[in-house]
Amino acid sequence: MLRAIWLLILLGLGVWAALFLRQMGGIVEITVGNTFIGVPVWLGLLALVVGFVVLHGILSAWKSLRGWPARMRARREARHRRDGDAAVTRALVALAAGTPDQARLEIRRARNLLGDTPHTLLLTAEAERMAGRNDAANQAFRLLSQREDGKFLGLRGLLRDAMQREDWPAAQRLAREAEAAQPGAAWVREERAALALRTRDWKEALALSPSEQLTGHRRAALALAAAMQDPETASALEKQALSADPGFAPAALAVARRQAAEGSPRRAKSTLQAAWKVAPHPDLAEAYLADESDALARVKGAEALTHENRTHPESRLVLGRTALAAGLTGRARAELEALVSSGSADRRAYLAMVDMDAVELGDSAAGRAAEAKWLRAAAAAPAEPRWQCLSCGTTHAKWEPVCEECGTPGRIEWTGGAAAKGGSVVTT
Ligand SMILES: [Zn+2]
């Protein structure tokens, strides 16, 4: 509206100026050679204005004509981008809905429209992987890894695939490349830790695992496994294992064995005692009493070992057994009967009762009756605790860093037995 008013005012002024000039009169003379043209001033000015307007119009039209292909191109690109973005969205929806074929179709459309961008390549790889076409997925990841802006994403996809294929050398190489592409990325660190576990490089796994995730028994198991691999730093790693889980018997045994070998049998014994206090384990008692050959000295030894955890089923069992071996049947009976009546006895306690009655009652009718009774009880009692892989259930004669049966690392633990109910047995 305001523009129209201005235009009207301008037009009015123009007409007024033309009329004014016409009233004024006067002539513009143009001489070319012998030709003489004379026009009134107002007509001359009008011709000038019209000439300017026409020239301006021609120039504008030329400029617009020249920019036309670029404008068309930009419009086409904008349309492609819009359609491509829509295809990407549809591909994401298809991926989320678990329909890989639809996702592949949409992503192919998006790639045609948008070209190879980190987004389209990543989505291609994910869709192909979901469709079970790992080769095509890896090709997309490789293309991605060759780009500066998608290098990490590509390497990450290739690494994941290599780990799935259990191609450990390739996985290690890719993990190193990914680390170089994105130094300190938490994901790479975790993958390298997982890789170290799979390749049984315990020391590397221990160094790479985030300290907040690797605590207690897990740290202890990994540190002891590393100690078994590396004799140079074994001493420090064994101590680290024991301090991470003071009740981890294999770590206590390793530390004690080293202390004894270094000429400190007393320190070795106190290490075993400390571990017994936290989590009694038959191997600790065996190591503690190993150098006592005299039966009575073994009773004394068992008392010294167990005095801070006197009523634990393992403590009662070792006291009862050593007393029985030394012929102290009254003492043995007191311990074993207390154990049986506590309800936390496993098979070993009943078998010890069989031995005891055989010593006390001999080959009599009462002895045979007692033996039958305890054997029945033993059959019904929980089995003794043992090293067992929590992943596949295989039992192992001793603790190992990895279960050879199923290949799972760090899952062999001291399990079962009635003692487990007491809660003092090592658990994760
Ligand atoms: Zn296993």
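All values derive from a computational prediction rather than experimental measurement.

### Quick notes on the UniProt feature "domain: HemY N-terminal" (unreviewed entry) in the protein chain
Okay, so step 1: Here, UniProt's "domain: HemY N-terminal" (unreviewed entry) annotation points to residues 26-132.
Okay, so step 2: Taken end to end, residues 26-132 is 78% helix and 11% strand, and its first and last C-alpha atoms sit 92 Å apart.

### Section: a nonpolar patch on the surface
Okay, so step 1: A surface patch of nonpolar side chains, amounting to about 1,200 Å² of accessible area, comprises Met1, Leu2, Ile5, Trp6, Ile9, Leu10, Leu13, Trp16, Phe20 and Met24.
Okay, so step 2: Mapped onto the secondary structure, Leu10 falls in helix α1 (residues 2-24).
Okay, so step 3: Leu10 sits in the exposed class, given a relative accessible area of 57%.

### Concerning the pattern of salt bridges
Okay, so step 1: Enumeration according to the criterion identifies 28 salt bridges in this entry.
Okay, so step 2: Glu308 serves as the salt-bridge partner of Lys277, at 3.5 Å between the closest nitrogen and oxygen. Here the residue Lys277 occupies a position in helix α14 (residues 265-278), and Glu308 occupies one in the loop between α16 (295-306) and α17 (313-325), the gap between them amounting to 31 residues.
Okay, so step 3: On the basis of relative accessible area, Lys277 is assigned to the partly exposed category, the value being 46%.
Okay, so step 4: The closest approach of N and O atoms between Glu335 and Arg316, which form a salt bridge, is 3.4 Å. Of this pair, Glu335 sits in helix α18 (residues 329-342) while Arg316 sits in helix α17, and the two are 19 residues apart along the sequence.

### Quick look at the layout of surface pockets
Okay, so step 1: Of the voids in this model, the largest pocket is the one considered here, and its volume is about 370 Å³.
Okay, so step 2: In this structure, the largest pocket is lined by 21 residues; those nearest its centre are Leu197, Leu214, Arg218, Leu222 and Pro409.
Okay, so step 3: Going through the elements one at a time, α9 (186-198) and α11 (216-229) are the ones with two or more residues in the lining of the largest pocket.
Okay, so step 4: Ranked by residue count, the leading element in the lining of the largest pocket is α11, at five residues.
Okay, so step 5: Residue composition of the lining of the largest pocket, by class: twelve nonpolar, five polar and four charged.

### Focus on the packing of α17 against helix α19 (residues 347-361)
Okay, so step 1: With their axes 11 Å apart at the nearest point, α17 and α19 run at an angle of 20° to one another. One element, α17, and the other, α19, form an angle in the roughly parallel class. The element α17 and its partner α19 pack so that their crossing is left-handed. Note on element contacts: α19 touches α17 through Arg348, Ala349, Ala352, Asp355 and Met356, opposite Glu314, Leu317, Arg321 and Leu324.
Okay, so step 2: The class makeup of the residues in the contact of α17 with α19 is five nonpolar, no polar and four charged.

### Some remarks on the domain arrangement of the protein chain
How big an interface is tends to be expressed through the accessible area that disappears when the partners come together.
Okay, so step 1: You can read the domains of the protein chain as domain 1 (292-345 + 347-381) and domain 2 (387-422).
Okay, so step 2: The centre of domain 1, based on its C-alpha atoms, is set 27 Å off from the matching centre of domain 2.

### Quick word on empty space enclosed by the protein
Okay, so step 1: The full count for this structure, using the stated rule, is one cavity of 30 Å³ or more.
Okay, so step 2: Looking at the largest cavity, its volume works out to about 50 Å³.
Okay, so step 3: Every residue lining the largest cavity is counted, ten residues in all, and those nearest its centre are Pro313, Leu317, Leu339, Asp346 and Arg348.
Okay, so step 4: For the lining of the largest cavity, the secondary structure elements donating two or more residues are α17 and α19.
Okay, so step 5: Among the elements that take part in the lining of the largest cavity, α17 stands out by supplying three residues, more than any other.
Okay, so step 6: Tallied by class, residues from the lining of the largest cavity come to six nonpolar, one polar and three charged.

### Quick look at the coordination of the zinc ion
Okay, so step 1: Note on the zinc ion: its protein donors are Cys389 (SG), Cys392 (SG), Cys403 (SG) and Cys406 (SG). The metal-donor distances range over 2.2 to 2.3 Å.
Okay, so step 2: Taken together, the four donor atoms surrounding the zinc ion define angles of 107 to 111° at the centre, an arrangement classified as tetrahedral.
Okay, so step 3: For the zinc ion, the donor residues sit on a single chain with the sequence spacing C-x2-C-x10-C-x2-C. On the criterion of sequence distance, the pair formed by Cys392 in the loop between β3 (386-389) and β4 (395-396) and Cys403 in the loop between β4 and β5 (412-415) is long-range, its members being eleven residues apart.
Okay, so step 4: Here Cys392 falls in the partly exposed class, since its relative accessible area comes to 35%.
Okay, so step 5: A residue is classified by how much of its surface remains accessible, and Cys403, at 0% relative accessible area, is buried.

Cut-offs and rules
Residues numbered from 1 in each chain as written. Predicted model: local features only at pLDDT ≥ 70, side-chain atom pairs only at ≥ 80, totals over all residues. Heavy atoms only, no water. UniProt positions renumbered as here; feature names shortened; annotations may be inferred. Helix = DSSP H or I, 4+ residues; strand = E, 2+ residues; numbered from the N terminus. Patch = residues over 30% accessible without salt bridge, like charges linked within 9 Å, V, L, I, M, F, W, Y side chains within 5 Å. Areas by Shrake-Rupley, 256 points an atom, 1.4 Å probe, with all protein chains shown as cover. Salt bridge = Lys/Arg side-chain N within 4 Å of Asp/Glu carboxyl O. Buried < 20%, exposed > 50% of the residue type's maximum accessible area, 1.4 Å probe, protein only. 1 Å grid on protein atoms, 1.4 Å probe; cavity = no way out; pocket = protein on both sides within 12 Å on 5 of 7 lines; lining within 4 Å. Points joined across faces, edges and corners; volume = space filled by probe spheres on them. Nonpolar A, V, L, I, M, F, W, Y, C, P; charged D, E, K, R; others polar. Axes fitted to C-alpha atoms, helices over the stretch in contact; angles between N-to-C directions. Parallel < 35°, antiparallel > 145°, perpendicular 65-115°, else oblique. Left-handed = near helix turned anticlockwise from the far one by under 90°. Contact = heavy atoms within 4.5 Å. Domains from an automatic or database assignment. Donors = N, O, S within 2.8 Å, 3.2 Å for Na, K, Ca; no water. Tetrahedral: all angles 85-135°; square planar, octahedral: opposite > 155°, others 65-115°.

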